[in-house]
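# Residue-level structure breakdown
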Amino acid sequence: MTVFKTFSQVLNKYKATVLMYTVMLVLFGGLNFKTSDNNVNFTASKPDVLIINEDENIGITKDFIDYLSEYTNIKDIENNEDSINDALFYRDVNYIIYIKPNFRESILSNSPNKDEQFKQLISSSDRTIVEIKTTGDYQASIADMLVNKYLHLADIYSNTFEDENEIINHIQKTLSLEVETELTSKVDTNTLSQVTFYYNFLSYSVLAGCVYVICLILSSFKNKEINKRTIISSMNYKSFNLKLLLSNCLFAIVLWLIYIILGFLLVGSIPTNYLIIYIINSFIFTICSVTIAFFISNLINNKNAINGIVNVVALGSSFLCGAFVPMEWLPDFVLKIAHVLPSYWYIKTNELLKGVEVFNSITLKPIITNMLVLIVFIIAFVVLTNIVTKLKLKK
Amino acid sequence: MFLHNLKYSLKTLFKNKMLIFWTYAFPLILGTFFYLAFSNIENSEKLDIIDIAIVDNEEFNNSIALKESFRNLSGENEQEQLFNIKYVDLAEAKTLLENDEIAGYLLVEDSPKVIVKTSGINETILKYVTEEIIQNEDVLTNIIEEKLNSTVIDGSIEEFIQNVREDAISMLDTSSLQIRDITSKKLSYTMIEFYTLIAMTALYGGIIGMTAINQNLANMSNNGKRIAVSPTNRIKIIFSSLLSSFIVQIIGLFILFMYTVFALKVDYGNNFPMIILLSLTGSLAGLSLGLAVGTIFKINENLKTGIIIAFTMLGSFLSGMMGITMKYIIDTNAPIVNKLNPVNMITDGFYSLYYYTTYNRFYFNIISLLIFSLIMIILSVLALRRQKYDSI
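Please read these numbers as outputs of a predicted model, since none were measured by experiment.

This paragraph deals with the overall build of chain A. A count of helical and extended segments in chain A gives 17 helices and five strands. Across the 395 residues that make up chain A, the buried fraction comes to 54%. Relative to all contacts within chain A whose residues are 6 or more apart in sequence, the contacts with residues 24 or more apart total 80%.

In structure tokens form, the structure reads like this:
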């Protein structure tokens, strides 16, 4: 109880700093969650497209634009070259289509019965009817397919038929032939991937919060005079460490609860069995973060170094393990290195959970294994901390 | 006196471990993290070869168009191989899909059907490709019909149909209508992350300037008290302190540049003098920020450092360090915020050097940085003038 009392007194002393830091991390988690919405859901199959029509919006030109509007998200961007280029660079659009002024005329000039002289005049001129800018990613590939398909159809039908309406009708009829598509999965992967992103990001906030606050508080216990008094007291160093650890856990659990509640507010409801595993997993990780923080605080004596260590440890494991950038986009060698970090096992579970459809022994096995690895980390850090304390005592 | 102070000021700055960590080591570490996390991101967004399965039943084998087209799209020697196809029976296709080994499978019964697990990009492409094959068949039928109606046939009908069919197929392959790709080659958006890193380091230089100036302030250090009572020219002393911190700052930035260019392969564009100009102006902005924070606020050194770090981190956040989307959101929705944000002035300067072909935007950023520095310096001069203490 004495240890816990002292702990809460120190916490009280630093409450402004702790509160500010926690609010910052919570805000950051919330903000990031909302703005990253676009990046993570790369499952949407409609590419974002910007159309700049330099031709008249009639006849086949209009039909082309209508067709694109049906299969893509048409973006509305201020029509100046800088804004357009910025939009492409920052992936606000995946694909930009410039419809040249000769678009309609060039297609219609294919017509089989047109004046030969006129045809030659046209064919000698520039036949570029569409210019594109592309980000070259998945979405852009779809846009590319769509544009190519339409222009092919327009080319062929305009070579065969003469009347513009007839050409358009045939194009539309052909395009209306669709293939039946059947979905086998009933799981709402969209919400689940959002939840996973949120819980992955939580690993950064929890780790940074624990390391910062716990190191800050424990540095008070490191004060030479206080430390000497603790050593000569009748309390065994193991028991002292354990009590201190439990007090720290209490703080960490409060922090963890805040994030869980925030998660409810941001994401809304998901099936209970998923939620339970997300919550258990994040709880184990929180405890693991406490033991990491406890271990680090036993290694360092300099209060000024805390900030640097927090940033290196928390940012490092978050970047390497996929808290910010999804795991599947990380290079293989980075993921191999990440195996030695607890965050990896935590995030791995979240990622696995996203793909689970039925809960049975096969799907649950890897999840439970990951959790066990985290628990091994917890034990290892506690043992290491005790070893460090003992070594320091001998000195 | 000028050189004397310069020398010792340099020595004290280089011996300050915390300072060197934040301005030298931390950017290098953060840059390494960025590199590890982002080096693969743009490649993984490019279209890969998609694993699919086709149920190898009688109906599929009878449909020549589907069979031929999918064979062409999966040929390993094809330049534009799109699919990697497994020809299996229905039960195995289902298992493959269940285990996420394929994006989906094609089942031809009365009509072709695509079965996928979820809706996504690869699934969409499979659907679109199958549709295109069927639509092309429809085109052929339409054209043959039209030609049969409109031309007088001399010779056998079969031969005529064969000719029209071949003509049409060759038209499907080659279009007379041209699409021209005018995309700039420089579209790597992860570069922004590294630009914000340079910008952050430039402004963190403010901590160096602030530390150096504290040495000369009577209310901040004993050293300052001694200088205040000594019969030396204060402008000379302050100027040499600032120069020494500028030198420390430039060396740090230089190391970071070398590291990002040679180890992390960051592309800053090709205009070398402009890159130097932007770095020097950016460092000046950082230095003047440190000078202003050091002189205006009458608080202890840790709090002053806190102010500079908080200001810089907020600026970095708004200019895209924690996700480049943020920079775009601010740039388009609240442009004034980023026009006043010195971190963004530097980031945007590098961005315009990398991506833009004209220099208007670049010069706008350089001028903004100079104005920012000037304001900071004027504020510091006002705070430093006529400082007198009866007692401290």
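Additional details are given in the paragraphs that follow.
Now for the overall build of chain B. Counting secondary structure elements, chain B contains 17 helices and five strands. Based on the C-alpha atoms only, the size of chain B along its principal axes is roughly 115 × 45 × 35 Å. Expressed as a percentage of its 392 residues, the buried residues of chain B come to 50%. Taking the contacts inside chain B whose residues are at least 6 apart along the sequence as the reference set, 71% of them involve residues at least 24 apart. Carbon and sulfur atoms provide 59% of the accessible area of chain B, an area that totals close to 19,200 Å². Each charge sign in chain B was given a centre, from 30 positive and 38 negative side chains, and these centres are 34 Å apart.

Right, let's talk about the interface of chain B and chain A for a bit. Every contact between the two is made by 80 residues of chain B and, on the other side, 84 residues of chain A. Summing the contributions of chain B and of chain A, the shared interface buries around 7,600 Å²; its carbon and sulfur component is 66%. Summed over the shared surface of chain B and chain A, the result is four salt bridges. Across the salt bridge formed by lysine 113 of chain B and glutamate 182 of chain A, the nearest N and O atoms sit 2.9 Å from each other. Our count for the contact surface shared by chain B and chain A stands at 23 residue pairs in polar contact (both at pLDDT 80 or more). Elements represented by at least two residues in the side of chain B that touches chain A include exactly α2 (17-38), α3 (41-44), β4 (112-116), α7 (121-150), α8 (157-173), β5 (178-181), α14 (324-333) and α16 (342-355) of chain B. Take the side of chain B that touches chain A: its biggest share by element is 18 residues, from α7 of chain B. Here the residues of the side of chain B that touches chain A are counted per class, giving 44 nonpolar, 18 polar and 18 charged. Bridge count between strand β4 (residues 128-134) of chain A and β5 of chain B: four bridges; the pairing is parallel. What sits directly across from isoleucine 132 of chain A, in β5 of chain B, is aspartate 181 of chain B.

Okay, the nonpolar core next. By size, the foremost hydrophobic cluster in this structure holds 152 residues, and its most contacted members are Phe89 and Tyr199 of chain A together with Leu30, Tyr195 and Phe350 of chain B. If you tally residues by element for this core, the top one is helix α10 (residues 189-221) of chain A, at 20 residues. Look past the residues within four positions of tyrosine 195 of chain B in its chain and what remains in contact with it is Val266, Asp267, Tyr268, Thr347, Phe350, Tyr351 and Tyr354 of chain B. If you look at the next biggest cluster of nonpolar residues, it comprises 64 residues, including Ile99 and Ile167 of chain A together with Leu82 and Leu140 of chain B.

The next subject is the sheet that holds β4 of chain A. Across the sheet, five strands lie side by side as β2(A)-β1(A)-β3(A)-β4(A)-β5(B); this open sheet has mixed pairing. This sheet does not close on itself; its edge strands, each paired only once, are β2 (73-74) of chain A together with β5 of chain B. Looking at chain direction, strand β3 (residues 95-99) of chain A and β4 of chain A are connected through five bridges and run antiparallel. When the sheet's bridge partners are listed, isoleucine 97 of chain A is paired in β4 of chain A with isoleucine 132 of chain A. Packing of helix α5 (residues 81-89) of chain A onto the sheet brings it into contact with β1 (48-53), β3 and β4 of chain A, and relative to β3 of chain A it is tilted by some 145°.

It is worth spelling out the packing of helix α9 (residues 164-175) of chain A against α7 of chain B at this point. Axis separation between α9 of chain A and α7 of chain B bottoms out at 9 Å; the angle between their running directions is 140°. Comparing their axes, α7 of chain B and α9 of chain A come out oblique. Where α9 of chain A crosses over α7 of chain B, the handedness of that crossing is right-handed. In this structure, α9 of chain A uses His170, Thr174 and Leu175 of chain A to contact α7 of chain B, whose residues at the interface are Gln135, Asp138, Val139 and Asn142 of chain B. Counted by class, the contact of α9 of chain A with α7 of chain B contains two nonpolar, four polar and one charged residues.

Okay, the pattern of salt bridges next. Taken as a whole, this structure holds 18 salt bridges over all chains when the rule is applied. Glutamate 81 of chain A is paired through a salt bridge with lysine 133 of chain A; the nearest N and O atoms lie 3.1 Å apart. Here lysine 133 of chain A lies in strand β4 and glutamate 81 of chain A lies in helix α5, a separation of 52 residues in the sequence. Glutamate 81 of chain A sits in the partly exposed class, given a relative accessible area of 40%. Overall, the relative accessible area of 9% leaves lysine 133 of chain A in the buried class. For lysine 127 of chain B, the salt bridge is made with glutamate 178 of chain A, and the minimal N-O distance between the two is 4.0 Å. Linking lysine 127 of chain B in helix α7 with glutamate 178 of chain A in the loop between α9 and β5 (180-183), this pair reaches from one chain into another. Judged by its relative accessible area of 49%, glutamate 178 of chain A falls in the partly exposed class.

Now for the domain arrangement of chain A. Structurally, chain A comprises domain 1 (2-35 + 189-394) and domain 2 (48-175). For domain 1 of chain A and domain 2 of chain A, the distance between their C-alpha centroids amounts to 53 Å.

Our next topic: the sheet that holds β4 of chain B. Ordered in space as β5(A)-β4(B)-β3(B)-β1(B)-β2(B), the five strands form an open sheet in which the pairing is mixed. The open sheet has two edge strands, β5 of chain A together with β2 (83-88) of chain B, and neither has a second partner. Ignoring which end each strand starts from, the neighbouring axes of this sheet average 25° apart. Sheet strands in contact with helix α5 (residues 64-74) of chain B are β1 (50-55), β2, β3 (104-108) and β4 of chain B, and its direction is about 130° off that of β2 of chain B. Most of the contacts of helix α6 (residues 90-98) of chain B go to β3 of chain B, to which it runs at about 160°, and overall it touches β1, β2, β3 and β4 of chain B.

Chemically, a disulfide is nothing more than a covalent bond linking the sulfur atoms of two cysteines. Residue and element names in this part refer to chain A. Under the counting rule described, the total for this entry stands at zero disulfides over all chains. Free of any disulfide, cysteine 215 has its nearest cysteine sulfur in cysteine 210, 10 Å distant. The thiol sulfur of cysteine 321 is not disulfide-bonded, and the nearest other cysteine sulfur, from cysteine 288, lies at 11 Å.

With that settled, consider the domain arrangement of chain B. Domain assignment breaks chain B into domain 1 (2-41 + 188-384) and domain 2 (48-173). Each of domain 1 of chain B and domain 2 of chain B has a C-alpha centre, and the two are 59 Å apart.

Another aspect to go through is the side chain of serine 289 of chain A. All names here are of chain A. On the secondary structure map, serine 289 appears in helix α13 (residues 272-299). You can call serine 289 buried: its relative accessible area is 0%. Those residues within four positions of serine 289 in sequence are excluded, and the remaining contacts are Val206, Leu207 and Cys210.

Before going further, it helps to examine the packing of aromatic side chains. Note on aromatic pairs: each is described by the distance of the centres and the angle between the planes. Evaluation of the coordinates by the stated rule reveals 50 aromatic pairs over all chains. Taken together, a centroid distance of 6.3 Å and an interplanar angle of 75° make the contact between tyrosine 359 of chain B and phenylalanine 362 of chain B edge-to-face. The class for tyrosine 359 of chain B is partly exposed, based on a relative accessible area of 34%. Given a relative accessible area of 0%, phenylalanine 362 of chain B falls into the buried group. One aromatic cluster is present, built from ring pairs that chain together Phe89 and Tyr90 of chain A together with Tyr195, Phe257, Tyr268, Tyr328, Phe350, Tyr351, Tyr354, Tyr355 and Tyr356 of chain B. For lysine 149 of chain A, the ring lying beneath its charged end belongs to tyrosine 128 of chain B, and the centroid distance is 5.5 Å.

Turning our attention to empty space enclosed by the protein. Sizing a probe to match a water molecule and rolling it over the atoms shows the empty space that remains. All names here are of chain A. Scanning the entire structure with this criterion turns up six cavities of 30 Å³ or more. Estimated volume of the largest cavity: approximately 70 Å³. Around the largest cavity, the lining residues are Val195, Tyr198, Tyr199, Ile260, Gly263, Phe264, Val267, Gly268, Ile270 and Leu275. Within the residue set of the lining of the largest cavity, elements represented by two or more residues are α10 and α12 (237-267). Here the element with the most residues in the lining of the largest cavity is α12; it accounts for four residues. Of the residues contributing to the lining of the largest cavity, the split by class is eight nonpolar, two polar and no charged.

Cut-offs applied
- Residues numbered from 1 in each chain as written.
- Chains lettered and ligands numbered in written order.
- Predicted model: local features only at pLDDT ≥ 70, side-chain atom pairs only at ≥ 80, totals over all residues.
- Heavy atoms only, no water.
- Helix = DSSP H or I, 4+ residues; strand = E, 2+ residues; numbered from the N terminus.
- Buried < 20%, exposed > 50% of the residue type's maximum accessible area, 1.4 Å probe, protein only.
- Contact = heavy atoms within 4.5 Å.
- Areas by Shrake-Rupley, 256 points an atom, 1.4 Å probe, with all protein chains shown as cover.
- Lys, Arg positive; Asp, Glu negative; His and termini not counted.
- Charge placed at Lys NZ, Arg CZ, Asp CG, Glu CD.
- Buried area = accessible area lost by both parts, 1.4 Å probe.
- Salt bridge = Lys/Arg side-chain N within 4 Å of Asp/Glu carboxyl O.
- Polar contact = N/O pair within 3.5 Å; in protein donor to acceptor, adjacent residues only side chain to side chain.
- Nonpolar A, V, L, I, M, F, W, Y, C, P; charged D, E, K, R; others polar.
- Pairing = 2+ DSSP bridges.
- Core = buried A, V, L, I, M, F, W, Y, C linked by side-chain atoms within 4.5 Å.
- Axes fitted to C-alpha atoms, helices over the stretch in contact; angles between N-to-C directions.
- Parallel < 35°, antiparallel > 145°, perpendicular 65-115°, else oblique.
- Left-handed = near helix turned anticlockwise from the far one by under 90°.
- Domains from an automatic or database assignment.
- Disulfide = S-S within 2.5 Å.
- Phe/Tyr/Trp six-rings, centres within 6.5 Å; stacked < 30°, edge-to-face > 60°.
- Lys NZ or Arg CZ within 6 Å of the ring centre and 35° of its normal.
- 1 Å grid on protein atoms, 1.4 Å probe; cavity = no way out; pocket = protein on both sides within 12 Å on 5 of 7 lines; lining within 4 Å.
- Points joined across faces, edges and corners; volume = space filled by probe spheres on them.

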